[in-house]
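Commentary on secondary and tertiary structure
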Amino acid sequence: MDFEKKEFYGIVAKAKKQMQITIDQDCNVADTKPDIEKMIQTRGMVKIQETEMMIDRVRMKGEFLFQGLYGTNDTATFLESLEYSLPFEEYVHIDGVLPSDYVKVQYTIDDINTVLINSRKISIRVLLTFSFQITEEIKEEGITAIHDENVSVLKKDIQVTDLIVNKKDLARLKEELILPANKANVYQVLWTQVDIENLQAKIAEHMIEIQGSMQVFILYLGEDAQMPVQYARWEIPVDTQLECYECVPGMIGRIGMSLGGQQLEVRPDEDGEERIISLEVTIDCDIKIYEDHKISYVDDGCSMEKTLIPEYHMFDFETLIGKNQAVMKSGKRFRMEQEPGKLLQVLSVKGSVTVDDVEITEQGLSVEGVWMADVLYLSTEDATPVMNSSYMEPFTFFVETKYLSGNEDYQLDVRVDQMSAVPTEGGEIEIRTAILFDFISFHKTRQRIMTDMKEEALDYEKIRKIPGIVGYVVKEGDTLWSIAKTYFTTVESIREQNEEVSEIKPGDKLLIVKEIGIFQ
């Protein structure tokens, strides 16, 4: 027999785990930098350099890139910044993990705590939560057609969602920014903050289109000794593309996007003045592209000339049942707990979000968490012209979904899409935030697929025992195909003998005539 085969491919969720790690390290201030008087703002990002899948565990190696802005005892500049790389390596025990599996790692920064040991040394303690999602790649070749005129086949159709693209890529943005005319030339950049807002990805012909906006803020020392601390900000539209040859409009995309590396360089303009900011930013893209379609394959075979013995393997097909992007918008006023000096102007807001619990209900997901905001602002205090205040607010948000009953694989990514801060009357500040909830879910259907079919000689003695003509009462679970195989006939023959019957139900009466063929 000649077969046509198709390779069925899928990514199946295998395990999930969360773990916290603490990085604790003492760091010295570089000799070229002034003493630390007070830490103003800290931040960081995790760079995962390597993940190794092992038996029942995952090895993860990376570094935490720490940045800090601090006040100095130098009355000429007031401010300085520092950077450290804090390496880590962890082994995570996860039952059932194999070297052939895949892992997706996400992290949240729960806390960055700095303690001033002395003016030349600080203790940095970072608490990180890592989420590990383990998946395995499954492949199986199933028979989709049998080329033999003496073989009848039973075909099966199933609606599935195939994973067409599964890769990571980088979208690169390059910009040249010019300082406004009323700003002093740059002497030294102290602090930068780049935020990507309202990011949207759209599948086009052989590419992915990415649109949004980029907010850029720099705090710097100017050449003007009378006004040493300067700042500038820009809002830049994002409109870029990633090549993706497998993509066509109509496919279903889930592109996770997060801010990656940043490089900022100050260059002289035509007059030789340091006024051009050259910026390169990468957006880390986790690309998954799906396509809904119907698969038709052979589920059984029958012949009047030989006994067919099929071989089956079980396979988990996935069907997309829900995809939703929901945005929670909120505004909250906080009382400013200021040190001496009043707020003059908000410089920048750094936002983050942590999910504490997700509860599945019949209508969707109930998500509980906390959003946080670090506000950098100008103060009236001469000794400390730049200050920082931190705020946090718990939230509960409901993401509407359908058909979540427990046999589904769902993924939920939550990120701050936009955050701003506005001073209000009465010594308060209003934090406005938009948090994006990106949800997708799949229903798993386990089906057998035929991978091979063997041939054996007919069992003549067994066939002779089958009555030549029989009246049959349809039972629960019967099909025309199963009845035909039992009584050594064909579906076509049953239909001919029973007024072209197409559907049967329990209790129906059928006349069945055995195919005599070679036994005449």
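Residues numbered from 1 in each chain as written. Predicted model: local features only at pLDDT ≥ 70, side-chain atom pairs only at ≥ 80, totals over all residues. Heavy atoms only, no water.

By secondary structure assignment, the location of Val-29 is in the loop between β1 (2–28) and β2 (38–54). A sequence separation of 106 residues divides Val-29 from Thr-135, and the C-alpha atoms of the two residues are 43 Å apart. Every residue in contact with Val-29, bar those within four places of it in the chain, is listed here: Pro-34, Ile-36, Tyr-70, Leu-82, Tyr-84, Ser-119, Arg-120 and Lys-121. (Helix = DSSP H or I, 4+ residues; strand = E, 2+ residues; numbered from the N terminus. Contact = heavy atoms within 4.5 Å.)

For the structure shown, the criterion picks out 24 salt bridges. In this structure, Asp-413 and Lys-104 form a salt bridge, with 3.9 Å as the shortest nitrogen-oxygen distance. Of the two residues, Asp-413 is situated in strand β17 (residues 408–424) and Lys-104 in strand β5 (residues 102–118); the sequence distance between them amounts to 309 residues. The buried category is assigned to Asp-413, whose relative accessible area is 18%. Notably, a salt bridge pairs Glu-430 with Arg-432, separated by 3.4 Å at the nearest N-O pair. With a relative accessible area of 17%, Glu-430 lands in the buried category. The structure contains a network of salt bridges with shared partners spanning Lys-104, Lys-168, Arg-254, Asp-286, Lys-288 and Asp-413. (Salt bridge = Lys/Arg side-chain N within 4 Å of Asp/Glu carboxyl O. Buried < 20%, exposed > 50% of the residue type's maximum accessible area, 1.4 Å probe, protein only.)

Strand order in the open sheet made by the three strands is β13-β18-β17, with antiparallel pairing throughout. Looking at which strands have only one partner, the edges of the open sheet turn out to be β13 (307–335) and β17. When the angles between neighbouring strand axes are averaged without regard to direction, this sheet yields 5°. (Pairing = 2+ DSSP bridges. Axes fitted to C-alpha atoms, helices over the stretch in contact; angles between N-to-C directions.)

We now examine the layout of surface pockets. Volume-wise, the second largest pocket comes out at about 520 Å³. Together, 30 residues line the second largest pocket, and Ile-11, Thr-135, Leu-163, Asn-166 and Lys-288 are the ones closest to its centre. Those elements that provide at least two residues to the lining of the second largest pocket are β1, β5, β6 (121–147), β7 (151–178), β12 (274–303), β13 and β17. Of the residues that constitute the lining of the second largest pocket, the class distribution is 13 nonpolar, six polar and eleven charged. (1 Å grid on protein atoms, 1.4 Å probe; cavity = no way out; pocket = protein on both sides within 12 Å on 5 of 7 lines; lining within 4 Å. Points joined across faces, edges and corners; volume = space filled by probe spheres on them. Nonpolar A, V, L, I, M, F, W, Y, C, P; charged D, E, K, R; others polar.)

Here Ser-366 is to be found in strand β15 (residues 364–379). Those residues within four positions of Ser-366 in sequence are excluded, and the remaining contacts are Asp-357, Val-358, Glu-359, Thr-396, Phe-397 and Phe-398.

The next point concerns the sheet that holds strand β16 (residues 386–400). Overall, antiparallel pairing links the three strands, which are arranged β14-β15-β16 in an open sheet. Where the open sheet ends on each side, the last strands, each with one partner, are β14 (343–360) and β16. Here the strands of the sheet are splayed against their neighbours by 15° on average, with no regard to which way each runs. In this structure, β15 lies alongside β16, joined through 15 bridges in antiparallel fashion. When the sheet's bridge partners are listed, Leu-376 is paired in β16 with Asn-388.

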